[in-house]
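Residue-level structural notes
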Amino acid sequence: MAKIKLPDGSTIELDNSSTARQLAEKIGPNLAKQAIAAQINGKLADLSTPLNDDVDLRIITIKDPQALDIMRHSCAHVMAEAICDIWPDTKLVYGPTVKDGFYYDIDLDESIHPDDFERIENKMREIIEQDRPFRRNEMTRQQALEKLAGDKYKTDNIKHVDSPVISFYSQGGGFEDLCRGPHVPTTGKIGPFKVMSVAGAYWHGDPTQKMLQRVYGTAWQTQKDLDDYLERLEEAKKRDHRILGKRLDLFSFNQAAPGFAFMHAKGMIIWNAIVDFWRDIHDRYGYQEIKTPIILNEELWHKSGHWDNYKENMYFTDIDGISYAIKPMNCPGGCLVYKTRQHSYRQFPMRVAELGLVHRHEASGVMHGLFRVRQFTQDDAHIFCTPPQIEAEIVSVIELTFEIYRAFGFEDFHIELSTKPEKHIGADEIWDISTNALSSALDYKKIPFKINEGDGAFYGPKIDFHLEDCLKRSWQLGTIQLDFSMPQRFGLVYTDKDNTEKTPVMIHRAVLGSFERFIGILIEHYAANFPLWLSPQHARVLPISEKTNDYALKVLHMLKDARLRCDADLSDEKVNAKIAKAHAEKIPYMLVVGPKEADAATVNVRTRGLKQNKTVAVDRFIQLAKQKIIDKTIDLDFQP
Ligand SMILES: [Zn+2]
Ligand SMILES: [Zn+2]
């Protein structure tokens, strides 16, 4: 008899060699129908796994978050069979899941093209409709190596498996693949799917190896989930910040400086609006602002630990025969500023912010518009405090972070707490105090968070802020990191109450992360339809004919006197053409003026994204627009 303990604490006894599926059936037919896999003693396994020992077991149903991954991976097997069926010369390499889908790397001399996807999908559909069972076949490593003799890819895969038992999976038909599993019980459990794309990929990312073909696919629980996903992808394409940035003249890249953004005049207006807001709110939260050099002596980076841990990502230069490094982080500079004065516990907490320009090397293949660049401005800050002050400081940083995110219209965030990694410095006791300070600050704010066990930096635990944009894409932006190492390395001290010198706690934190990347995210989140306070231009005055040009100029001056960013379109074009042009430039307010408006000192306002026009006195329009800028209102609509 095997005694099975269920998540609710109850136990069920089963005959030896009963399977997880039989257990699900015993619990209830509904559960058996929805079952996808099992979690046995914390490890995911097939439903067909025989149960011989006393174990903790949970049935994974289609509703569980792990189920989607198991189903997608199973779909990768089906895609592999379909490809091998169409191109029998295919050699399979490996097929893991990725965010929103899966891929399979294959070695095939003939190139697969998007035209071929339908053929692959049809074959996959056939396999899925046949509802064939996935079957696990186990053997020893030696047997597996003999079975796969001559297959360099799969033989290599076996070398990466640390278990003495090697498993293969078949799915009916003659197809079989080396895999550790688990899979859905039958191919019929695979949801709506699509073959998405094909790209070149080197084996193990090694450019000296043969170029493989990486075929991407996606699979979802329901047709609606798949449709929504495809729609989000379409929408993301339309919102691509690289395309919008070029079209709206916000920024550019040039072969003269790969990975280094050129911000144009309109992009700088957005940039400066963010900086103004950032300065204002940091002032309110009690921060000072400093600026430290970009180039610092190499010695400093030996001391900070960057030389040992980060050298590959740094740029170096020589001045008068002495080696210098371009800073990848602002912390060492911040430490040098700290050391220019004596400090007492009375000055703590000391919050020092810096919009620091940092350079980090990125391989040319991974750079992506503003999202991944080699030079960026980090909204950095370092807080120096005593251990008992940590928790209150963390609470304050969390409040500041949320206030900033909400100002930009982001409401969905989630938080992850990363704890002590295996390789770390500092006493366990200090780790416990700091990790507790981070988690109790989150508890105090009643913020749910996920724990990433062992994922902290080697010098201290950290909290990461992830936010979701309107296309449900998650972005890691802010971070709070406690540091026990750097203050010591740099010999930072303060005089405590008892007149002894102590080492302060150093908290590193960034809210937006990189200004460049954040602007890229804003462009895509808003599809460049920025709220008024961030818009490069607030309004354009559009006279309906030459006769009202004078009035248009008068309105323009009134707006400019009120410091609104605006211009007037006095061209010979018809007013509808002028409106279409302003629309294409995503200008929030188009102020149409004719003789009627001139007589009444009004403007006829067309608001971006709204159908209804509204006539309003010029003074009133100015007042409304200014209030929206002050309040950072996202909605452009107004009551006259
Ligand atoms: Zn598999
Ligand atoms: Zn730092």
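Now for a look at the structure at hand.

Assigned secondary structure in the protein chain consists of 20 helices and 35 strands. Each principal axis of the C-alpha distribution contributes one length, and for the protein chain these read about 90 × 75 × 60 Å. By the burial criterion, 52% of the 640 residues in the protein chain qualify as buried. Once local pairs closer than 6 in sequence are excluded, the contacts in the protein chain between residues at least 24 apart make up 68%.

What follows concerns the coordination of the zinc ion (ligand 2). When a metal carries six donors in an octahedron, the ideal angles between them are 90 or 180 degrees, while four donors in a tetrahedron ideally lie at 109.5 degrees. Distances from the zinc ion (ligand 2) to its protein donors, Cys331 (SG), His382 (NE2) and His508 (ND1), fall within 2.0 to 2.3 Å. Coordination of the zinc ion (ligand 2) draws on donor residues from a single chain, spaced C-x50-H-x125-H in sequence. Of the two residues, His382 is situated in strand 23 (residues 375-385) and His508 in strand 30 (residues 505-514); the sequence distance between them amounts to 126 residues. Residues His382 and His508 agree in their burial class; the two are buried.

Around the zinc ion (ligand 1), the donor atoms from the protein are His73 (NE2), His77 (NE2), Cys179 (SG) and His183 (NE2), and they sit 1.9 to 2.1 Å away. Seen from the zinc ion (ligand 1), its four donor atoms lie at angles of 90 to 123 degrees, and the figure they make is tetrahedral. Along the chain, the residues donating to the zinc ion (ligand 1) fall in the pattern H-x3-H-x101-C-x3-H. Of this pair, His73 and His77 both sit in helix 3 (residues 65-86), separated by four residues, roughly a single helical turn. The pair His73 / His77 is uniform in exposure class, with both members buried.

Here we take up the packing of aromatic side chains. Scanning the entire structure with this criterion turns up 21 aromatic pairs. Each ring, one from Tyr589 and one from Phe638, has its centre 6.1 Å from the other, and the planes form 75 degrees; the classification is edge-to-face. Of this pair, Tyr589 sits in strand 33 (residues 589-593) while Phe638 sits in the segment after helix 20 (618-631), placing them 49 residues apart in sequence. Among the aromatic residues, those joined into a cluster by ring pairs are Phe277, Phe408, Phe410, Phe518 and Trp533. Above the ring of Phe168, the side-chain terminus of Lys147 is found at 5.0 Å from the ring centroid. Note that Arg214 overlies the ring of Tyr103, its terminal NZ or CZ placed 4.0 Å from the centroid.

In this section: the pattern of salt bridges. The tally for this structure, following the rule as stated, stands at 35 salt bridges. Between Asp64 and Arg58 there is a salt bridge whose closest N-O contact spans 3.1 Å. What makes Asp64 buried here is its relative accessible area of 16%. The exposure class of Arg58 is partly exposed, given its relative accessible area of 26%. When the shortest N-O distance is used, the salt bridge between Lys99 and Asp100 registers 3.4 Å. Members of the salt-bridge network, linked through shared partners, are Arg540, Asp567, Lys581 and Glu585.

What follows is about the sheet that holds strand 31 (residues 539-543). Spatially, 32-31-33-34-35 is the arrangement adopted by the five strands of the open sheet, whose pairing is mixed. The open sheet has two edge strands with one neighbour each: strand 32 (566-568) and strand 35 (614-617). Taken pair by pair, the neighbouring strands of this sheet meet at an average axis angle of 30 degrees, ignoring direction. As defined by bridge partners, strand 34 (residues 602-607) adjoins strand 35 across four bridges and the pair is classed as antiparallel. Paired with Val603 across the strands is Val616, a residue of strand 35. Against the sheet, helix 18 (residues 575-584) contacts strand 31, strand 33 and strand 34, and its axis sits at roughly 170 degrees relative to strand 31.

Attention shifts here to a nonpolar patch on the surface. Together, Ile294, Ile295 and Ile319 make up an exposed nonpolar region whose accessible area comes to about 200 Å². Locating Ile294 in the fold gives a position in the loop between strand 18 (288-289) and strand 19 (295-297).

Moving on: the packing of helix 13 (residues 390-407) against helix 14 (residues 428-444). Two numbers describe how helix 13 lies on helix 14: the axes approach to 9 Å, and their chain directions differ by 50 degrees. Classified by the angle between their axes, helix 13 and helix 14 sit oblique to one another. Judged by the sense of rotation from one axis to the other, the crossing of helix 13 with helix 14 is right-handed. Of the residues in helix 14, those in contact with Ile390, Glu391, Ile394, Val395 and Ile398 of helix 13 are Ala437, Leu438, Ser440, Ala441, Leu442 and Tyr444.

On to unusual backbone geometry. Gly181 connects to Pro182 through a cis peptide bond whose omega is 0 degrees. As for its placement among the helices and strands, Pro182 is situated in the loop between strand 13 (176-178) and strand 14 (193-202). Along the chain, Phe348 connects to Pro349 via a cis peptide bond; the corresponding omega equals -5 degrees. Tracing the backbone shows Pro349 in the loop between helix 12 (331-338) and strand 22 (350-359). One non-glycine residue, Asp249, lies in the positive phi region at around 60 degrees. Examined against the element boundaries, Asp249 turns out to sit in the loop between helix 8 (241-247) and strand 16 (251-252). In this structure, Lys446 is a non-glycine residue whose phi angle is positive, near 55 degrees.

Attention now moves to the nonpolar core. In terms of nonpolar packing, the biggest core is built from 66 residues, with Ile274, Ile394 and Phe408 touching the most fellow members. Broken down by element, this core gets its largest block of residues, ten residues, from helix 13. Judged by nonpolar contacts, the second largest core, of 36 residues, contains Ile70, Tyr104, Phe134 and Phe193.

Our focus in this paragraph is the layout of surface pockets. To locate leftover empty space, one rolls a probe as large as a water molecule over the atoms. Of the voids in this model, the largest pocket is the one considered here, and its volume is about 1400 Å³. Lining the largest pocket are 43 residues, and of these Arg136, Cys179, Arg180, Gly181 and Pro182 sit closest to its centre. Looking at the lining of the largest pocket, the elements that each hand over two or more residues are strand 5 (43-45), strand 6 (50-51), helix 3, strand 11 (135-140), helix 6 (152-159), strand 12 (165-170) and strand 13. When residues of the lining of the largest pocket are assigned to their parent elements, the largest contribution, five residues, is made by helix 3. Its residues assigned to classes, the lining of the largest pocket shows 18 nonpolar, 15 polar and ten charged.

Time to look at the pairing of strand 7 (residues 55-61). Within strand 7, five of the seven residues are buried, which leaves the element mostly enclosed by the surrounding structure. Inspection of the sheet shows strand 1 (residues 2-5) paired to strand 7 by two bridges, in the parallel sense. The partner of Ile4 across the bridge, within strand 7, is Val55. Examined bridge by bridge, strand 4 (residues 35-40) and strand 7 share five bridges and lie antiparallel to one another. Bridging across to strand 7, Ala37 finds its partner in Ile60.

Our focus in this paragraph is the environment of Ala381. Here Ala381 lies in strand 23. In this structure, the C-alpha to C-alpha distance between Ala381 and Ser17, residues 364 residues apart in sequence, is 59 Å. For Ala381, the residues in contact, after removing those within four places along its chain, are Tyr287, Val352, Ala353, Ile507, His508 and Arg509.

Cut-offs and rules
- Residues numbered from 1 in each chain as written.
- Chains lettered and ligands numbered in written order.
- Predicted model: local features only at pLDDT ≥ 70, side-chain atom pairs only at ≥ 80, totals over all residues.
- Heavy atoms only, no water.
- Helix = DSSP H or I, 4+ residues; strand = E, 2+ residues; numbered from the N terminus.
- Buried < 20%, exposed > 50% of the residue type's maximum accessible area, 1.4 Å probe, protein only.
- Contact = heavy atoms within 4.5 Å.
- Donors = N, O, S within 2.8 Å, 3.2 Å for Na, K, Ca; no water.
- Tetrahedral: all angles 85-135°; square planar, octahedral: opposite > 155°, others 65-115°.
- Phe/Tyr/Trp six-rings, centres within 6.5 Å; stacked < 30°, edge-to-face > 60°.
- Lys NZ or Arg CZ within 6 Å of the ring centre and 35° of its normal.
- Salt bridge = Lys/Arg side-chain N within 4 Å of Asp/Glu carboxyl O.
- Pairing = 2+ DSSP bridges.
- Axes fitted to C-alpha atoms, helices over the stretch in contact; angles between N-to-C directions.
- Patch = residues over 30% accessible without salt bridge, like charges linked within 9 Å, V, L, I, M, F, W, Y side chains within 5 Å.
- Areas by Shrake-Rupley, 256 points an atom, 1.4 Å probe, with all protein chains shown as cover.
- Parallel < 35°, antiparallel > 145°, perpendicular 65-115°, else oblique.
- Left-handed = near helix turned anticlockwise from the far one by under 90°.
- Core = buried A, V, L, I, M, F, W, Y, C linked by side-chain atoms within 4.5 Å.
- 1 Å grid on protein atoms, 1.4 Å probe; cavity = no way out; pocket = protein on both sides within 12 Å on 5 of 7 lines; lining within 4 Å.
- Points joined across faces, edges and corners; volume = space filled by probe spheres on them.
- Nonpolar A, V, L, I, M, F, W, Y, C, P; charged D, E, K, R; others polar.

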